[in-house]
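Summary of structural features
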Amino acid sequence: MMMGYDWQPLLLTFRLAALTTLFLLLIGIPLAYWIATTQTRFKPVIETLVSMPLVLPPSVLGFYLLLAFSPQNAFGQWLEQWFHVRLVFSFTGLVVGSIIFSLPFMVHPVQAGLQGLSPSLLEASRTLGKSDTSTLFRVLLPNIKPALLTGVVLSFAHTVGEFGVILMIGGNIPGVTKVASIAIYDEVESLNYAAAHFYALVLFVVSFSILLTVYIVNKKLLRAGG
């Protein structure tokens, strides 16, 4: 029965989630480290900006990203003229929008993990002459494996469930921007509940499995003192 459905929206969804999570690891870990270890009067502003996707309706964030990415506006025009990149109604735009929308789901767990470590770890590493980069990757991150795993899983799962931001930036282009959440909306509008149920069930099972795995693994890591 499942062979009769179009798997492309699901494959596109998981590709988007994987790329978003990868980029969030590269961006979110240094940002979380900076927030956790830096004392500056601008820190609350940065923390607020990072956390905004948690409270803003996705359609609001998506609308302003659509305006920013549009070739009719300065930033979008600059990207297209100098880098030949168009972010609106493209998969690349979905990745950029997803990174912004899921940023707190990576930063907050890592930040909490780093702030939960004993300050003596950081002080000892710096006393030994280790750079901040070496301290982060060789001393601190190995001690917050549960927080790292939580950040990765939440970022991936949150991206899988995106709708408002994706609809605003990407629209509904089959094979390009039509991810599973958009496909579900389309099928419900067409009263094709069987197809909508198929996509929804796959997302439900995948999300449940991912979250269950992280809880089980984190429990084992905590028991092992990892």
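Reference entry: report on the structure contained in this document. (Residues numbered from 1 in each chain as written. Predicted model: local features only at pLDDT ≥ 70, side-chain atom pairs only at ≥ 80, totals over all residues. Heavy atoms only, no water.)

Brief notes about the overall build of the chain
To keep it simple, the criterion reads: A helix here means a DSSP run of H or I that spans at least four residues, while a strand means a run of E at least two residues long, and both kinds are numbered starting from the N terminus. Accessibility here uses a 1.4 Å probe with only protein chains present; expressed as a share of the type maximum, an area under 20% marks a residue as buried, one over 50% as exposed, and anything in between as partly exposed. Contacts: residue pairs with any heavy atoms within 4.5 Å of one another. Here the accessible surface of atoms and residues is derived via Shrake-Rupley with a 1.4 Å probe, and residues count as covered only by protein chains that are part of the display.
In terms of regular secondary structure, the chain is built from 11 helices and 0 strands. The secondary structure elements of the chain, listed N-terminal to C-terminal, are α-α-α-α-α-α-α-α-α-α-α. Seen along its three principal axes, the alpha-carbon backbone of the chain occupies a region of about 65 × 45 × 30 Å. Scored against the burial criterion, the 226 residues of the chain give a buried share of 42%. Considering only contacts in the chain between residues 6 or more positions apart, those separated by 24 or more positions represent 74%. Of the roughly 12,400 Å² of accessible surface on the chain, a fraction of 68% belongs to carbon and sulfur atoms.

Quick notes on the packing of helix H2 (residues 43-55) against helix H5 (residues 91-115)
In plain terms, the rule: Working convention: axes come from line fits to C-alpha atoms, limited for helices to the stretch in contact. Angles between N-to-C directions cover 0 to 180 degrees. Should the near helix be turned counterclockwise from the far one by less than a right angle, the crossing is left-handed, whereas a clockwise turn marks it as right-handed. Three categories are distinguished: nonpolar for Ala, Val, Leu, Ile, Met, Phe, Trp, Tyr, Cys and Pro, charged for Asp, Glu, Lys and Arg, and polar for the others, with Gly belonging to the last.
The interhelical angle for the contact between H2 and H5, taken along N-to-C directions, is 120°, at an axis separation of 7 Å. Judged by the twist between their axes, the crossing of H2 over H5 is left-handed. Residues Glu 47, Val 50, Ser 51, Pro 53 and Leu 54 of H2 lie in contact with H5, whose contacting residues are Ile 100, Phe 101, Leu 103, Pro 104, Phe 105, Val 107, His 108 and Gln 111. By residue class, the composition of the contact of H2 with H5 is 9 nonpolar, 3 polar and 1 charged.

Let's talk about the layout of surface pockets
For clarity, the threshold we go by: Of the two site types, the cavity is a set of points on a 1 Å grid over the protein atoms alone where a 1.4 Å probe fits but cannot get out, and the pocket is an open set with protein on both sides within 12 Å along at least five of seven lines, each lined by residues with an atom within 4 Å of a point. Grid points are joined across faces, edges and corners, and a volume is the space filled by probe spheres set on the points.
Considered as a void within the structure, the largest pocket measures approximately 170 Å³ in volume. Contributing to the lining of the largest pocket are Ala 36, Thr 37, Leu 114, Gln 115, Leu 117, Ser 118, Pro 119, Leu 122 and Leu 140. Of all the secondary structure elements, the ones that give two or more residues to the lining of the largest pocket are helix H1 (8-37), H5 and helix H6 (119-127). Grouping the constituent residues of the lining of the largest pocket by class yields 6 nonpolar, 3 polar and no charged.

A closer look at H5
Defined as follows: By definition here, a helix of n residues has an expected span of 1.5 Å times n minus one. Axes are fitted to the seven residues ending at a residue and to the seven starting at it; the angle between these axes is taken as the bend at that residue.
Look at H5: 35 Å from first C-alpha to last across 25 residues, which is about the 36 Å you get at 1.5 Å a residue. Its maximal kink placed at Ser 102, H5 deviates by approximately 50°, while the proline Pro 104 follows within four residues. The element H5 is largely enclosed, with a buried count of 19 among its 25 residues.

With respect to the packing of aromatic side chains
Keep this limit in mind: The aromatic pairing rule takes the rings of Phe, Tyr and Trp, using the six-membered ring of Trp, and pairs them if the centres are within 6.5 Å, calling planes under 30 degrees apart stacked, those over 60 edge-to-face and the rest tilted. We call a charge positioned above a ring when the Lys NZ or Arg CZ atom is no farther than 6 Å from the ring centre and deviates by at most 35 degrees from the ring normal.
Under the criterion given, the structure shown has 8 aromatic pairs. On the numbers, 5.3 Å between centres and 65° between planes, the contact of Phe 63 with Tyr 64 is edge-to-face. Among the residues examined, Tyr 64 registers a relative accessible area of 54% and is labelled exposed. The structure contains a cluster of three or more aromatic residues connected by ring pairs, namely Phe 69, Phe 75, Trp 78 and Phe 83. When the ring centre of Phe 91 is taken as reference, the NZ or CZ atom of Arg 15 above it lies at 4.2 Å.

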